[in-house]
Protein chains: 2
Amino acid sequence: MSPAYPLASLSSSNLFFSPLPPNHEPPAGKANHGRYMLTIPWSAASGHELAFDPLSGVLQYAVTCFEGMKCYKTDQGDLRLFRPEKNFDRFKRSAARLGLPNKWDNAELVDLLCKLLALEAPLVPTGDGSNLYIRPTLLETSEGYGIKETAFASEALLYVVTTLNLGKGLYASSEAPGKGIRLDACRDYIRAWPGGTGSYKLGANYGTVSVAKKPGFAMSLWLHSHDGEDYLSEAGAMNVWIIKQAADGYLEFITMGLDNGIVLPGITRESLIELLNDHASGKSSVPLPGLPTKLRVVERDISMSEIVTSIEDGSLKGMFGCGTGVVVVQIGEIQYQDKIHKIPHNPLIQILRDTVTGIQRGKIEHPWSHKVPEWDGSGAEKDREEDNVLA
Amino acid sequence: MSPAYPLASLSSSNLFFSPLPPNHEPPAGKANHGRYMLTIPWSAASGHELAFDPLSGVLQYAVTCFEGMKCYKTDQGDLRLFRPEKNFDRFKRSAARLGLPNKWDNAELVDLLCKLLALEAPLVPTGDGSNLYIRPTLLETSEGYGIKETAFASEALLYVVTTLNLGKGLYASSEAPGKGIRLDACRDYIRAWPGGTGSYKLGANYGTVSVAKKPGFAMSLWLHSHDGEDYLSEAGAMNVWIIKQAADGYLEFITMGLDNGIVLPGITRESLIELLNDHASGKSSVPLPGLPTKLRVVERDISMSEIVTSIEDGSLKGMFGCGTGVVVVQIGEIQYQDKIHKIPHNPLIQILRDTVTGIQRGKIEHPWSHKVPEWDGSGAEKDREEDNVLA
């Protein structure tokens, strides 16, 4: 089941027996470490670098969590974030799950993030689908390989890096033409289970399932089985929705509930639930043109057999994923048990996407869009021995 | 359920907005990264250090696996390893599960490890229970935060660090006096599940469950539930055994099977199975004094209700854990559903421990004990700009 990797020769040219310097004074509690370390790099990293203790919790035991956010530039040139406190609330929850620091002030952290974005302002693109992707990361830098009496990391690092997102066809190779992305419903690798970490944004949820990805499919549709049924949990790193015509004439927007702890509480997911509920109750100031008012949001389990059956009887009216990365993306096909299941196209999905991106890009004014204050960066690049410190 | 962490203030004195240097030439494919990075360290690491791309697979998505090994010094002063190829076989399996390089030559890697140990030879202690603990680690250094068309890491690093193990009472605070360690049977956190990664030695299996540890207990006894029963999987990072008197007069040594993929295939576990089977069949050259020949090794599921019932009816004759860290350790008590269950003491467990440590320390000659050749280190510390390279 595991994939093959090209033969890696232990050639002598890239091997290092690194000794600590003869005058090295070990820090308190670390006098018992070997002086030498053997390293065998397969290649080398570049750009920004961070240095870690080889026995640190992040390197040994995957004590790391993250968030994914985006910064948008409006047509007027100002920068916007989308509900950043929601990300940092979830970041705290993930951190607590790993015994990492989680008591910071979110308003302070949003302010620092805004300063970082102000420094990068010239870099942030304006094109549709373009943005600056933001990756806050929090990990254990302290030694974490032995059994500890307490689960708390004694040392940790929070950092935020950014990457330009130029909106180049992310799923071009795995999209059913004009009809959304293709998913492979995966039974061999189970992403999350009750009592596990599926509802937290931990690195450990992602690296352990990347081998499941099949060529030609945008991502895996994660399943978990009980009572002989295969239930959906997520797709890739998205929350999943189906649209169904109910017998009482209502159009149902159905997504997995959060109770069993195997689904990430997505911020786009939460926002869509609010927008749809507000639309149905008539109290929304955000128009969802074309969506019926006789609609209903339902949070419950969805099984693969329900999907197959409702394709056959015509009640399935569409399927989509949502998340910070994709915003809202239509699902076109699912491969399940060696069969391709085609999902009906639904133009309402594009309306949901346009509404969320409209809020994110400041085209629809909404309190969810957080304006990044301008900052001239004064003090940010003051001289310092190795790095530049914010005074 | 998540623990609290002391308030961490985002004080300005330890914040860094680090820019890349003005003349920085981004490596191919990385021209789209932000120039600045925000870092908020809670403290700092020391000693050996390794530098990583902040978006590397290990830091973002927990793409890291490891092995645990020990180097012993015999009374004659030579160094011994215990079945090192077994560790490196498992290391390859873990690496493949994560899409990391896994095609190296184990004999070459054992040879390199022996050279590292030869360099550290003066450091390796001789006292009983003392050894040099060895931590080979393999992780993804390449950028690993986006959806990739292939699961393979394009860059990886294997390193081996060592720590002196001086045999100081590892579980002193959580040992039932003279009767073994105390375990807390954990239902809130599930370590492993079918389709997950429990049978691989991944960092992700360890950091995500450390918060389960209760004070006063050596470690958690991991449970997984199906059909209304709580079954054992492992305890802390050990394999678990029970000793039971069977109705046919045989003494049964029972440990969980490997079929459902939730138990780590331990090397001590495998070695005990071989030693016990050989003893039962009479073909062993290793004496297990005091153990009956009417014994039987059984690999199957063990439920908590079986343990409770067999304590009551007197058929449970002992319980122990095994692994590289503990070798063989008696389990004295289990906390389960708010009740303490006392496990009968069994002197045979000490005999198993003495036999395995006798082989490991070269007191019992056996092919499992791998002698580390002497090496004068010539060439290992040749001058080099940053590190010393093995020419």
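Residues numbered from 1 in each chain as written. Chains lettered and ligands numbered in written order. Predicted model: local features only at pLDDT ≥ 70, side-chain atom pairs only at ≥ 80, totals over all residues. Heavy atoms only, no water.

## Details of the overall build of chain A
Stage number 1. When helices and strands are tallied, chain A shows seven helices and 19 strands.
Stage number 2. For chain A, with 391 residues in total, the buried portion stands at 60%.
Stage number 3. Long-range pairs, those at least 24 residues apart, make up 69% of the contacts in chain A with a sequence separation of at least 6.
Stage number 4. With the model as given, the accessible surface of chain A reaches about 15,100 Å², and the carbon-plus-sulfur share is 50%. (Helix = DSSP H or I, 4+ residues; strand = E, 2+ residues; numbered from the N terminus. Buried < 20%, exposed > 50% of the residue type's maximum accessible area, 1.4 Å probe, protein only. Contact = heavy atoms within 4.5 Å. Areas by Shrake-Rupley, 256 points an atom, 1.4 Å probe, with all protein chains shown as cover.)

## A look at the UniProt feature "modified residue: N6-(pyridoxal phosphate)lysine" (unreviewed entry) in chain A
Residues and elements named next belong to chain A.
Stage number 1. As annotated in UniProt, the feature "modified residue: N6-(pyridoxal phosphate)lysine" (unreviewed entry) corresponds to Lys 201 in the numbering used here.
Stage number 2. The topology assignment puts Lys 201 in the loop between β10 (180-186) and α4 (204-207).
Stage number 3. If we ignore the near neighbours within four places in the chain, the residues touching Lys 201 are Cys 65, Phe 66, Glu 67, Gly 68, Arg 90, Ser 94, Tyr 206 and Leu 264. (UniProt positions renumbered as here; feature names shortened; annotations may be inferred.)

## Structural notes on empty space enclosed by the protein
Take a probe with the size of a water molecule and roll it over the atoms, and the empty space left behind shows itself.
Stage number 1. This structure, assessed with the given rule, holds three cavities of 30 Å³ or more.
Stage number 2. Approximately 170 Å³ is the volume found for the largest cavity.
Stage number 3. Together, 21 residues line the largest cavity, and Trp 193, Thr 197 and Ala 204 of chain A together with Trp 193 and Thr 197 of chain B are the ones closest to its centre.
Stage number 4. At the level of secondary structure, the elements contributing two or more residues to the lining of the largest cavity comprise α4 of chain A together with α4 (204-207) of chain B.
Stage number 5. Residue composition of the lining of the largest cavity, grouped by class: eight nonpolar, nine polar and four charged. (1 Å grid on protein atoms, 1.4 Å probe; cavity = no way out; pocket = protein on both sides within 12 Å on 5 of 7 lines; lining within 4 Å. Points joined across faces, edges and corners; volume = space filled by probe spheres on them. Nonpolar A, V, L, I, M, F, W, Y, C, P; charged D, E, K, R; others polar.)

## Observations regarding the nonpolar core
Stage number 1. Ranked by internal contacts, the top residues of the largest apolar core, which has 90 residues, are Leu 59 of chain A together with Leu 59 of chain B.
Stage number 2. Setting aside its immediate chain neighbours within four residues, Leu 59 of chain A contacts Phe 52, Asp 53 and Pro 54 of chain A together with Leu 50, Phe 52, Val 58, Leu 59, Thr 64, Thr 137, Leu 139 and Tyr 159 of chain B. (Core = buried A, V, L, I, M, F, W, Y, C linked by side-chain atoms within 4.5 Å.)

## A short note on the side chain of Ser 233 of chain B
All names here are of chain B.
Stage number 1. Structurally, Ser 233 can be placed in strand β12 (residues 229-235).
Stage number 2. Overall, the relative accessible area of 1% leaves Ser 233 in the buried class.
Stage number 3. In contact with Ser 233, not counting residues within four places along its chain, are Trp 222, Leu 223, His 224, Met 256, Ile 262 and Val 263.

## A word on the pattern of salt bridges
Stage number 1. One pass over the full model with this rule turns up 34 salt bridges over all chains.
Stage number 2. Of the charged contacts in the structure, one is a salt bridge between Asp 184 of chain B and Lys 214 of chain B, with a shortest N-O distance of 2.7 Å. Remark: Lys 214 of chain B occurs in the loop between α4 and β11 (219-226) and Asp 184 of chain B occurs in strand β10 (residues 180-186); sequence separation between them is 30 residues.
Stage number 3. Of the residues examined, Lys 214 of chain B reaches a relative accessible area of 36% and is grouped as partly exposed.
Stage number 4. Connected through shared salt-bridge partners, Asp 78, Arg 80, Glu 365 and Lys 371 of chain A make up one network. (Salt bridge = Lys/Arg side-chain N within 4 Å of Asp/Glu carboxyl O.)

## Considering the confidence of the model for chain A
Residue and element names in this part refer to chain A.
Stage number 1. In this model, chain A carries a mean pLDDT of 85, and residues with pLDDT of at least 70 account for 82%.
Stage number 2. Low pLDDT, under 50, characterises residues 1-8; the stretch is placed with 24 contacts to residues that sit more than four places away or in other chains.
Stage number 3. Note that pLDDT drops below 50 for residues 382-391; the model gives that stretch 27 contacts with residues more than four away or on any other chain.
Stage number 4. Here the predicted complex scores 0.89 on pTM and 0.88 on ipTM. (pLDDT = per-residue confidence, 0-100.)

## What about the environment of Val 124 of chain B?
Stage number 1. Counting through the fold element by element, Val 124 of chain B comes out in the loop between α3 (106-120) and β7 (131-140).
Stage number 2. Other than its neighbours up to four places away in sequence, Val 124 of chain B contacts Cys 71, Tyr 72, Lys 73, Leu 79 and Leu 132 of chain B.

## Concerning the domain arrangement of chain A
All names here are of chain A.
Stage number 1. Domain annotation of chain A identifies domain 1 (12-167 + 370-390) and domain 2 (177-344).
Stage number 2. In this complex, domain 1 contributes 16 residues to the contact, which on the side of domain 2 involves 19 residues.
Stage number 3. Carbon and sulfur atoms supply 57% of the area buried between domain 1 and domain 2, which totals about 1,600 Å² over both sides.
Stage number 4. Among the residues domain 1 hides against domain 2, the three largest losses belong to Phe 66, Arg 90 and Arg 97. Together they make up 36% of the total.
Stage number 5. Our enumeration of links across domain 1 and domain 2 arrives at two salt bridges.
Stage number 6. On the surface where domain 1 and domain 2 come into contact, there are ten residue pairs in polar contact (both at pLDDT 80 or more).
Stage number 7. Counting residues per element, the ones that place at least two in the side of domain 1 that touches domain 2 are β4 (64-66), β5 (69-73) and α2 (84-97).
Stage number 8. In terms of residue count, α2 provides more of the side of domain 1 that touches domain 2 than any other element does, six residues in total.
Stage number 9. In the side of domain 1 that touches domain 2, the residues fall into five nonpolar, four polar and seven charged. (Domains from an automatic or database assignment. Buried area = accessible area lost by both parts, 1.4 Å probe. Polar contact = N/O pair within 3.5 Å; in protein donor to acceptor, adjacent residues only side chain to side chain.)

## Description of helix α7 (residues 348-360) of chain A
Stage number 1. The end-to-end C-alpha distance of α7 of chain A is 19 Å, a good match for the 18 Å that 13 residues give at a rise of 1.5 Å each.
Stage number 2. Of the positions making up α7 of chain A, those classed as buried are Leu 348, Ile 349, Leu 352, Thr 355, Val 356, Thr 357, Gly 358, Ile 359 and Gln 360 of chain A. (Expected span 1.5 Å × (residues − 1).)

## Concerning the packing of aromatic side chains
Stage number 1. A full pass over the atoms with the stated rule returns 16 aromatic pairs over all chains.
Stage number 2. The structure contains a cluster of three or more aromatic residues connected by ring pairs, namely Tyr 61 of chain A together with Phe 66 and Tyr 206 of chain B.
Stage number 3. Over the ring of Trp 375 of chain A we find Lys 115 of chain A, and its NZ or CZ is 5.4 Å from the ring centre.
Stage number 4. Geometry around Tyr 206 of chain A places Arg 191 of chain A over its ring, the cationic atom sitting 5.5 Å from the centre. (Phe/Tyr/Trp six-rings, centres within 6.5 Å; stacked < 30°, edge-to-face > 60°. Lys NZ or Arg CZ within 6 Å of the ring centre and 35° of its normal.)

## A closer look at the state of the cysteines
Residues and elements named next belong to chain A.
Stage number 1. Scanning the entire structure with this criterion turns up zero disulfides over all chains.
Stage number 2. Among the cysteines around Cys 71, which has no disulfide bond, Cys 114 carries the closest sulfur, lying 8.1 Å off.
Stage number 3. Under the relative-accessibility criterion, Cys 71 is labelled buried at 0%. (Disulfide = S-S within 2.5 Å.)

## Structural notes on the packing of helix α2 (residues 84-97) of chain B against α3 of chain B
Residue and element names in this part refer to chain B.
Stage number 1. Between α2 and α3, the least distance of the axes is 10 Å, while the angle of their chain directions is 120 degrees. One finds that α2 runs oblique with respect to α3. Taken as a pair, α2 and α3 cross one another with a handedness that is right-handed. Of α3, the residues touching α2 (which contributes Pro 84, Glu 85, Phe 88, Asp 89 and Lys 92) are Asn 106, Leu 109, Val 110 and Leu 113.
Stage number 2. Partitioning the contact of α2 with α3 into residue classes produces five nonpolar, one polar and three charged. (Axes fitted to C-alpha atoms, helices over the stretch in contact; angles between N-to-C directions. Parallel < 35°, antiparallel > 145°, perpendicular 65-115°, else oblique. Left-handed = near helix turned anticlockwise from the far one by under 90°.)

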